[in-house]
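Close look at the chain arrangement
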Amino acid sequence: MNQQISIVIAGPRGKMGREAVSMVSGTPHFTLAAVIDSKNAGKKVSDLEGMPSLDVPVFDDAKLCFAEIRPDVLIDLTKPEIGKVHLEQALEHNVRPVIGTTGFSDEDLERLQNLAKEKELGAIIAPNFAIGAILMMKFAQMASKYLPDVEIIEKHHDQKLDAPSGTALKTAQLVREVREPKSQGHPEEREDLPGARGAELDGIRIHSVRLPGLVAHQEVILGGEGQTLTIKHDSMNRTSFMPGVKMAVEAVVNLDHLVYGLENIIE
Ligand SMILES: NC(=O)C1=CN([C@@H]2O[C@H](COP(=O)(O)OP(=O)(O)OC[C@H]3O[C@@H](n4cnc5c(N)ncnc54)[C@H](O)[C@@H]3O)[C@@H](O)[C@H]2O)C=CC1
Ligand SMILES: O=C(O)C1=N[C@H](C(=O)O)C[C@H](O)C1
């Protein structure tokens, strides 16, 4: 029988938060114990516009929520500067965080990894919960061993706050693990319009597209002599992320350290 897991969701009124509320409340061995919103403290989820009729309390203070509710797991789907604060506060209250919110720097990751280690508590930061996106990143890493010239094009809806996407950054970091830093393109190339060659991580170029109509999409293009290989993933809707959120919640309760990327927990 599955272990019953008590969960708090931060960002319940957002595009991802709404999907997560629906997934958690529809999963028999998950209990939605509370939500953390930027407003509406003291109300119930059922009082929030367009939300399901759930008798679940709303907090606007994460620390108070963790102290009163004592959940097993926090799912955070808020915004870049908030996700890292919630992660830290959760660990301080012995709550295991599953963070989908993006925008973590290398320094943030190192600090939070140390904190989770000190507390001997599981934590997951998942730049992308979609299984197809995780495979796309892994395939790109495998391919870049043989075709080390890599450019990433990520495309998202125009409400996205961070650029490049967490997925693009993670992809570049995975590629960086298997290839030497290198400069791509002509050694004397210049940008006649600043930014024309995109952002750069150890020579890997990342281009960010933001348009209405898009959800979450990424292409990794690898170039070699006389050939290119394109690895592409599309999330058509946000339900695509939910099996990964569920998997992360089930995994984090058995971890004693911070894991960055779901590729580290899928078989
Ligand atoms: N890891 C993954 O697979 C995915 C991650 N994301 C990331 O998740 C985050 C949320 O994305 P969306 O749902 O599209 O954004 P959204 O803008 O639709 O929702 C964010 C929600 O967070 C709430 N919020 C802001 N500050 C808060 C606070 N202090 N406490 C509680 N709630 C707060 C906002 O009121 C809003 O309802 C973004 O960082 C995005 O990049 C999005 C899709 C997939
Ligand atoms: O903001 C989004 O929408 C998404 N954010 C994540 C990212 O930054 O990679 C995951 C997915 O691409 C959707």
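None of these values were measured; they are calculated from a predicted model.

Quick look at the pairing of strand E10 (residues 216-224)
- Here strand E7 (residues 149-156) runs beside E10; their pairing, made up of eight bridges, is antiparallel. Bridging across to E10, Glu 154 finds its partner in Gln 218.
- In terms of strand pairing, E10 meets strand E11 (residues 227-235) through nine bridges, oriented antiparallel. Note that in E11 the partner of Gln 218 across the bridge is His 233.
- Hairpin connection of E10 to E11: two residues between the antiparallel strands, including Gly 226 at a positive phi of 70°.

A short note on the sheet that holds strand E3 (residues 58-59)
- The strand order across the open sheet formed by seven strands is E3-E2-E1-E4-E5-E6-E12, and the pairing between neighbours is parallel. Both outer strands of the open sheet, E3 and strand E12 (258-260), are each paired with one neighbouring strand and no more.
- Pairing analysis gives six bridges linking strand E1 (residues 5-10) to strand E2 (residues 30-36), with the strands arranged parallel. Of the residues in E2, the one forming a bridge with Ile 7 is Leu 32.
- Against the sheet, helix H2 (residues 62-69) engages E1, E2, E3 and strand E4 (73-76), with an angle of about 145° to E2.

A short note on the confidence of the model for the protein chain
- This prediction gives the protein chain a mean pLDDT of 96; 100% of its residues lie at or above 70.
- On the interface metric, ipTM, the complex scores 0.99, and its pTM is 0.97.

Some thoughts on the nonpolar core
- In this structure, Ile 7, Ile 9, Val 73, Ile 75, Ile 124 and Phe 129 are the most contacted members of the largest nonpolar core, which totals 58 residues.
- Leaving out residues up to four positions away in the same chain, Val 73 has contacts with Ile 5, Ser 6, Ile 7, Val 8, Val 95, Arg 96, Val 98, Val 249, Val 252 and Val 253.
- Counting residues in each nonpolar core, the second largest holds 24 residues, with Ala 62, Leu 74, Val 95 and Phe 104 among its members.

What to know about the site of ligand 2
- Neighbouring ligand 2 are the residues Thr 102, Pro 127, Asn 128, His 156, His 157, Lys 160, Asp 162, Ser 165, Gly 166, Thr 167, Ala 216 and Phe 241.
- For ligand 2, an oxygen atom lies 2.7 Å from a polar atom in the side chain of Lys 160.
- Here an oxygen atom of ligand 2 sits 2.4 Å away from a polar atom, N or O, in the side chain of Thr 167.
- Burial of ligand 2 by the surrounding chains reaches 84%, relative to a free accessible area of 320 Å².
- Residues that form the shell around ligand 2 fall into these classes: three nonpolar, seven polar and two charged.

Notes on the site of ligand 1
- Near ligand 1 lie 22 residues; those nearest to it are Lys 15, Met 16, Thr 102, Ala 126 and Phe 129.
- Backbone polar atom of Gly 14 to an oxygen atom of ligand 1: 3.2 Å apart, as the coordinates give it.
- Take Ser 38: an N or O atom from its side chain is 3.4 Å from an oxygen atom of ligand 1.
- Within the complex, the protein chains bury 81% of what would otherwise be the 860 Å² of accessible surface of ligand 1.
- Of all the secondary-structure elements, those providing two or more residues to the shell around ligand 1 are helix H1 (15-25) and helix H3 (80-92).
- In terms of residue class, the shell around ligand 1 is made up of eight nonpolar, nine polar and five charged.

Considering the pairing of E4
- Judged by which residues are buried, E4 turns out to be covered on both faces: Val 73 and Ile 75 on one side and Leu 74 and Asp 76 on the other are all buried.
- As judged from the four bridges shared by E1 and E4, these two strands associate in the parallel manner. Bridge pairing in E4 places Ile 9 opposite Ile 75.
- Pairing analysis gives four bridges linking E4 to strand E5 (residues 96-99), with the strands arranged parallel.

Description of the packing of H1 against helix H7 (residues 242-252)
- Across the interface, H1 lies against H7 with an axial gap of 10 Å and an inter-helix angle of 60°. Between H1 and H7 lies a crossing of right-handed hand. Taking contact as the criterion, the partners of Met 16, Glu 19, Ala 20 and Met 23 in H1 are, on H7, Met 242, Val 245 and Lys 246.
- Residues belonging to the contact of H1 with H7 are distributed by class as follows: five nonpolar, no polar and two charged.

Scoring rules and cut-offs
Residues numbered from 1 in each chain as written. Chains lettered and ligands numbered in written order. Predicted model: local features only at pLDDT ≥ 70, side-chain atom pairs only at ≥ 80, totals over all residues. Heavy atoms only, no water. Pairing = 2+ DSSP bridges. Helix = DSSP H or I, 4+ residues; strand = E, 2+ residues; numbered from the N terminus. Contact = heavy atoms within 4.5 Å. Axes fitted to C-alpha atoms, helices over the stretch in contact; angles between N-to-C directions. pLDDT = per-residue confidence, 0-100. Core = buried A, V, L, I, M, F, W, Y, C linked by side-chain atoms within 4.5 Å. Buried < 20%, exposed > 50% of the residue type's maximum accessible area, 1.4 Å probe, protein only. Near = heavy atom within 4 Å. Polar contact = N/O pair within 3.5 Å; in protein donor to acceptor, adjacent residues only side chain to side chain. Areas by Shrake-Rupley, 256 points an atom, 1.4 Å probe, with all protein chains shown as cover. Nonpolar A, V, L, I, M, F, W, Y, C, P; charged D, E, K, R; others polar. Left-handed = near helix turned anticlockwise from the far one by under 90°.

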